[in-house]
Amino acid sequence: MADHRLFGRQWSLTVGDRQWTDLRVVFEVQRSLTKHPDPAQITVYNLARQTRSGFYAGEQVRLVAGYSDSSGLIYSGTLTGLTPNRDGTDYAVTLSCRDGNAAYRAACRSSYAKGAPLSLVVGDLVSAMGLSLGAGAKQLLAGKTTRGALATVGTGSDNLSKVLAPFNLGYILLDGAVIILASDGTTADDVILLAPDTGLAGNPEPITDKPLAPKKQAKRIRVTSLLQPGMVPGRRLQLQSVEYSGIYRIDAVQHKGDSHGEDWFSIAEVTQLQGAT
């Protein structure tokens, strides 16, 4: 397989109505299965002074990255802070961002009679948060109704957890959308195949505090791949490697890149699902 680590890369950074596709961009994006807003640190080099001073908190930030045949949205969030710095002769500014930061704190107030469609309640909460429902939500919510009269008061995020819990469902915030999680914590997205010829870099590493018995595989492992925008929490991953193979759930992922350097990876912590072989 050709070495794509330094070649074929694509990236674009958009802040408000300004976009850059050629400046050096260094980023570290954290994603997890928690409902809390995911953070990102994005450093941009050699911006004009007027541009550096023109950023403001609350602006929408979008980062697209990958390769010429597989680039996609890495992160969408709001700007929460700025840190100017200098690297030798290069001026840079680091953008601190949060995904769904305002939505997480948005308030809601509604009431529903017993037997209200769960899809209606969830849809109202998501709208109150200023977000949209992600793919697969309709199927997971279909046919489910509230088990009693219901009043939602407080933040939409807390109420969403409460109304989903009796049905053994969960959710995460991802790029301006609410993604409903099935009972096993997975999304409705297609399975990602990760093997040496599809981007797997190095060998999977067990995540455990105890030594493993001979021939026993760890249930939780860490895998490193060439940058893959599609690697998001909750998505199922089919792993094919010498030591580990089977179906896993992505619990957390770190997208780490330097458009002009070595880093261009996705590092994921994954859990083996029941029946994986």
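Residues numbered from 1 in each chain as written. Predicted model: local features only at pLDDT ≥ 70, side-chain atom pairs only at ≥ 80, totals over all residues. Heavy atoms only, no water.

### Brief notes about the pattern of salt bridges
Part 1: Evaluation of the coordinates by the stated rule reveals twelve salt bridges.
Part 2: Residue R31 pairs with D175 through a salt bridge whose shortest N-O separation is 2.3 Å. One end of the pair, R31, is in strand β3 (residues 25-32); the other, D175, is in the loop between β11 (170-174) and β12 (177-181), with 144 residues separating them in the sequence.
Part 3: Overall, the relative accessible area of 22% leaves D175 in the partly exposed class.
Part 4: Notably, a salt bridge pairs R222 with E205, separated by 3.8 Å at the nearest N-O pair. Here R222, found in strand β15 (residues 220-226), pairs with E205, found in strand β14 (residues 205-206); they are 17 residues apart in sequence, far enough to count as distant.
Part 5: E205 gets classed as partly exposed once you look at its relative accessible area, which sits at 43%.
Part 6: Where salt bridges share partners, they join E205, R220, R222, R249, D251 and E269 into one cluster. (Salt bridge = Lys/Arg side-chain N within 4 Å of Asp/Glu carboxyl O. Helix = DSSP H or I, 4+ residues; strand = E, 2+ residues; numbered from the N terminus. Buried < 20%, exposed > 50% of the residue type's maximum accessible area, 1.4 Å probe, protein only.)

### What to know about the packing of aromatic side chains
The relation between two aromatic rings is expressed through the spacing of the ring centres and the mutual angle of the planes.
Part 1: A full pass over the atoms with the stated rule returns three aromatic pairs.
Part 2: Measuring from ring centre to ring centre gives 6.2 Å for W11 and W264, while their planes differ by 70 degrees; the resulting arrangement is edge-to-face. Of the two residues, W11 is situated in strand β1 (residues 9-15) and W264 in strand β18 (residues 264-272); the sequence distance between them amounts to 253 residues.
Part 3: Judged by its relative accessible area of 17%, W11 is buried.
Part 4: Relative to W264, the ring of F27 has its centre 5.6 Å away and its plane inclined at 65 degrees; by these criteria the two rings are edge-to-face. Remark: W264 occurs in strand β18 and F27 occurs in strand β3; sequence separation between them is 237 residues.
Part 5: The exposure class of F27 is buried, given its relative accessible area of 3%.
Part 6: Aromatic ring contacts, followed pair by pair, group W11, F27 and W264 into a single cluster.
Part 7: Its guanidinium or amino end placed over the ring of Y45, R24 lies 4.4 Å from that ring's centre, counting from NZ or CZ.
Part 8: Seen from the ring of F167, R147 lies directly overhead, with NZ or CZ sitting 4.8 Å from the centre. (Phe/Tyr/Trp six-rings, centres within 6.5 Å; stacked < 30°, edge-to-face > 60°. Lys NZ or Arg CZ within 6 Å of the ring centre and 35° of its normal.)

### Topic: the packing of helix α3 (residues 118-128) against helix α5 (residues 156-164)
Part 1: At their nearest, the axes of α3 and α5 sit 10 Å apart, and the two run at 165 degrees to each other. As the angle between them shows, α3 and α5 are arranged roughly antiparallel. For the pair α3 and α5, the sense of crossing is left-handed. The segment α3 lies against α5, with L118, V121, V122 and L125 engaging G156, N159, L160, V163 and L164.
Part 2: For the contact of α3 with α5, the residue count by class is seven nonpolar, two polar and no charged. (Axes fitted to C-alpha atoms, helices over the stretch in contact; angles between N-to-C directions. Parallel < 35°, antiparallel > 145°, perpendicular 65-115°, else oblique. Left-handed = near helix turned anticlockwise from the far one by under 90°. Contact = heavy atoms within 4.5 Å. Nonpolar A, V, L, I, M, F, W, Y, C, P; charged D, E, K, R; others polar.)

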